[in-house]
Structures are given as C-alpha cells and as structure tokens.
Amino acid sequence: MKRAVAVLSLLIVAMAVFIVAQARHVPSRLAHAVAVVAADSVAAAPRIAEQPATTASGEAGLVSVRSSTLPAPKRDLAEIQRRLADGESGTYIREIFLQREDNNARWPDRQLEPLRVWVQPSSALADFHGSYPVRAREAFERWTRAGVPVAFTFVVDSASCDIPVVWVDKFDMPISGRTRWTRDQHWWIIGSSIEVALHHQTGTPLEPEAIYAITLHEVGHVLGLDHTQDERSIMAARVRVHDLSDVDERTVQLVYSIPPGSVTKP
Ligand SMILES: [Zn+2]
C-alpha cells in the first residue's frame, strides 16, 4: 500500500514538472522568426471610431522569403485570371493582392498531411483561462470547415510543430495578436506562428470572445489572407465580429482555388 502511494506521488510530481515545462516552453523558432505580416487589434467597443490599418501597410514589406524544395506550382496565367474574374465578386481578394504586389500566398494542399499546430496548453500569466487553448483549436477547425484544402492536427510537442500558438501578456503597442509567416520562392507559405495577448496594451483583460475572435483572425493570416476594409469580416484590421463572414469564406476559397505566385505575370 505504501509503495502504491509512493508511485502515485512520483507520478503527480512528474506531471507537475511536465506542465510547468510546457507552460514555460516557447518554441525556439519564435526567437528567430522573421516575418511580421500582421499585428492586430480587437475593437474594444463598436463605438470606437475606425482607425486606418496602420499596422498592415508597413508589415507587408517584412514578409521573409526562404527558399524551399517544394515543387513549383502548375501555373496557367489565363486560367488563374479566368478563375479570379469568375470568383472575385463578393470577396476582398483584390485588397489582399494590393498589399502584396499582386501575388497569391497559400500553403500547398495539406488535407492528407495536416499542418501540425501546437497550442501552448497552459500559462502562468494573469487572467489565463484553461478554455483558451480549446477555443484556439476551434478557431483552426473553423477555417477548415470554410472549405480550405488545409487540415490541422494538434500536437503536444512544440518542437515538431508547423505552427506554434503562444499566449502573451500584452503587446507594447495597441494590438492583441500577431502572426509571423515565411514564404518560399514560389509564394508557398512554409512556416507561421501566432501570438495572442491576454490583455489590452492598457492591461485590461481581453474578453474570452475577443480572444477567440483574434485567434480566428490570426489563423486567417496563417492561411494567407490579409486585411479588408469590410468590418463585417473577421479579417478587418480591427476585429469587430466573432465568426467568419460569407465574404471571408469566399475569399479563402478563392485563394486556394489558384496556385501561389503572381496573378498578373506568367
Ligand atoms: Zn491582422
């Protein structure tokens, strides 16, 4: 009986050590992450006047490029332009192209080999709630349901993930989330990471629904979307809604209906 108690105690201590290690572990790739494409804010209240997306314009130029061994996409410019002409109505795809010199950025199809997402499972930060990692995973799944040929799987080992999601206390600027990503020479997206704040810059805790909304927005960036002026969409620079709009869904479907790279040059 004593032995059973000792074994149980040992197990509990081991679990505690594991949890603390997980909470403290920030993936090393974040330390030298390269591209900031998005730094986002949640509108504290609808009555706050819309502000220009000042964070978006300066960042587009910071997208980092790293060559990869991924195969070049099959590209037929006439076919790309035909699909855009047929599908662009009711989307903000032209707003995205304006921000990246008429280039489409996307992941290769990843239905059979889902992208591995690691969501930081716990945090010692004030106001962290155990439901946040659950909601973060839901945010990824929400985009897959929008009809994107990219599936996600959630891994427990941050070292082997494609996309780490980490919680931060707050940013030193008026934003609530940030996504970094890297693309290759073909405009395939090859890496990404997300940071989500628990507090506004002022220190006020973000509401759980705001944290979910900002995570949804950041996953949109991970998939290759950029900001829209349309406030009813989750990809508005200042997030005002808590779900994808039909416009978000049509836009991401169109992004994934054409190959990566220029939509104006062969
Ligand atoms: Zn954004």
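The structure we're discussing is the one just above.
Residues numbered from 1 in each chain as written. Predicted model: local features only at pLDDT ≥ 70, side-chain atom pairs only at ≥ 80, totals over all residues. Heavy atoms only, no water.

Engineer: Mind showing me how you'd approach the environment of His199 here?
Structural biologist: Relative to the assigned elements, His199 resides in the loop between β8 (189-197) and α7 (208-222). On the accessibility criterion, His199 (4% relative accessible area) is buried. The spacing of His199 and Ile175 is 24 residues in sequence and 9.5 Å in space, taken between C-alpha atoms. Beyond its immediate stretch of four places on either side in the chain, His199 contacts Ala126, Asp127, Asp169, Lys170, Thr204, Pro205 and Leu206. In this structure the side chain of His199 is engaged in a polar contact, spanning 2.6 Å, whose partner is the side chain of Asp127. A distance of 2.7 Å separates a polar atom in the side chain of His199 from a polar atom in the side chain of Asp169. (Helix = DSSP H or I, 4+ residues; strand = E, 2+ residues; numbered from the N terminus. Buried < 20%, exposed > 50% of the residue type's maximum accessible area, 1.4 Å probe, protein only. Contact = heavy atoms within 4.5 Å. Polar contact = N/O pair within 3.5 Å; in protein donor to acceptor, adjacent residues only side chain to side chain.)

Engineer: I'm lost on helix α8 (residues 246-255) in this one. Help?
Structural biologist: Since the α-helix advances by 3.6 residues per turn, residues separated by three or four positions end up pointing in the same direction. Across the 10 residues of α8, seven count as buried, placing the element largely inside the fold. Contacts made by the buried residues of α8 are with α4 (77-87), α5 (93-99), β3 (103-104) and α6 (131-145).

Engineer: What's the story with the side chain of His186 in this structure? I'm lost.
Structural biologist: Residue placement: His186 occurs in the loop between β7 (177-183) and β8. At 3.5 Å, the side chain of His186 forms a polar contact with the side chain of Gln185. Excluding anything up to four places from it in sequence, His186 contacts Leu70, Pro71, Ala72, Pro73, Pro260 and Gly261.

So far we have only geometry, and geometry alone does not tell us how the molecule works.
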